[in-house]
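Each chain is listed here by its residues.
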Amino acid sequence: MTDTPEKPKEKRPQQVYTLLVEVGRSKDDGLPKGATGAGLLCYASGVDEAEAVRETVVILKQADLSPLDVTGYGTIEEREKQGHEIDDEERSLMQRALDENSVIVAQMTPFFGKDHPKVQ
């Protein structure tokens, strides 16, 4: 039996993905009284969008939030190709997510009553 050296796994670079996460209510979620949920604009690092989504959901659950739906908008390059305008503040938050290998919640918009996409 001959030993063949294992090929080292190629390390894939981290990228930052823009995600819109819809959350519902849960006990101790910190959302305003009367809110039915919220939309969170997040920048999350990952080797692919699926990893960024998984990490974001885990972190939001640890923060006592209840993620219901995640919409991915891609990397900065993908967004620019789609014609999105990305200002310096947004670029800075994306770079921070990349540098820290983290999830940054850039904006939270609470939903009230019929404003919530899932409530009719």
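Residues numbered from 1 in each chain as written. Predicted model: local features only at pLDDT ≥ 70, side-chain atom pairs only at ≥ 80, totals over all residues. Heavy atoms only, no water.

### Structural notes on the overall build of the protein
Regarding its fold elements, the protein presents three helices and four strands. Its helices and strands taken in sequence order, the protein reads β-β-α-β-α-α-β from the N to the C terminus. Going through the 120 residues of the protein one by one, you find that 32% of them count as buried. The contacts of the protein with a sequence gap of at least 6 include a subset with a gap of at least 24, amounting to 71%. When the accessible surface of the protein is split by element, carbon and sulfur atoms take 49% of a total near 8300 Å². (Helix = DSSP H or I, 4+ residues; strand = E, 2+ residues; numbered from the N terminus. Buried < 20%, exposed > 50% of the residue type's maximum accessible area, 1.4 Å probe, protein only. Contact = heavy atoms within 4.5 Å. Areas by Shrake-Rupley, 256 points an atom, 1.4 Å probe, with all protein chains shown as cover.)

### Re the side chain of glutamate 90
Relative to the helices and strands, glutamate 90 resides in helix 3 (residues 88–100). Relative accessible area serves as the criterion here: at 12%, glutamate 90 is assigned to the buried category. Within polar-contact distance, the side chain of glutamate 90 engages the side chain of arginine 79 at 2.7 Å. Beyond its immediate chain neighbours, meaning those up to four positions away, glutamate 90 contacts Tyr43, Arg79 and Glu85. (Polar contact = N/O pair within 3.5 Å; in protein donor to acceptor, adjacent residues only side chain to side chain.)

### Topic: the nonpolar core
Leu19, Val21, Val23, Leu40 and Cys42 are the most contacted members of the largest nonpolar core, which totals 14 residues. For this core, the secondary structure elements donating two or more residues are strand 1 (15–24), strand 2 (35–46) and helix 1 (49–62). At five residues, strand 2 tops the list of elements feeding residues into this core. Among all residues touching valine 21, those that are not within four sequence positions of it are Ala38, Gly39, Leu40, Cys42, Thr56, Leu60, Pro67, Asp69 and Val70. (Core = buried A, V, L, I, M, F, W, Y, C linked by side-chain atoms within 4.5 Å.)

### Looking at the side chain of threonine 18
Here threonine 18 shows up in strand 1. In this structure threonine 18 comes out as buried when scored by relative accessible area, which is 3%. Of note is the side chain of threonine 18, whose polar atom sits 3.1 Å from the side chain of arginine 79. When near neighbours in sequence (up to four residues on either side) are disregarded, threonine 18 contacts Leu41, Cys42, Tyr43, Thr71, Gly72, Tyr73, Gly74, Arg79 and Met94.

So, to be careful, I would describe these as geometric facts and stop short of saying anything about function.
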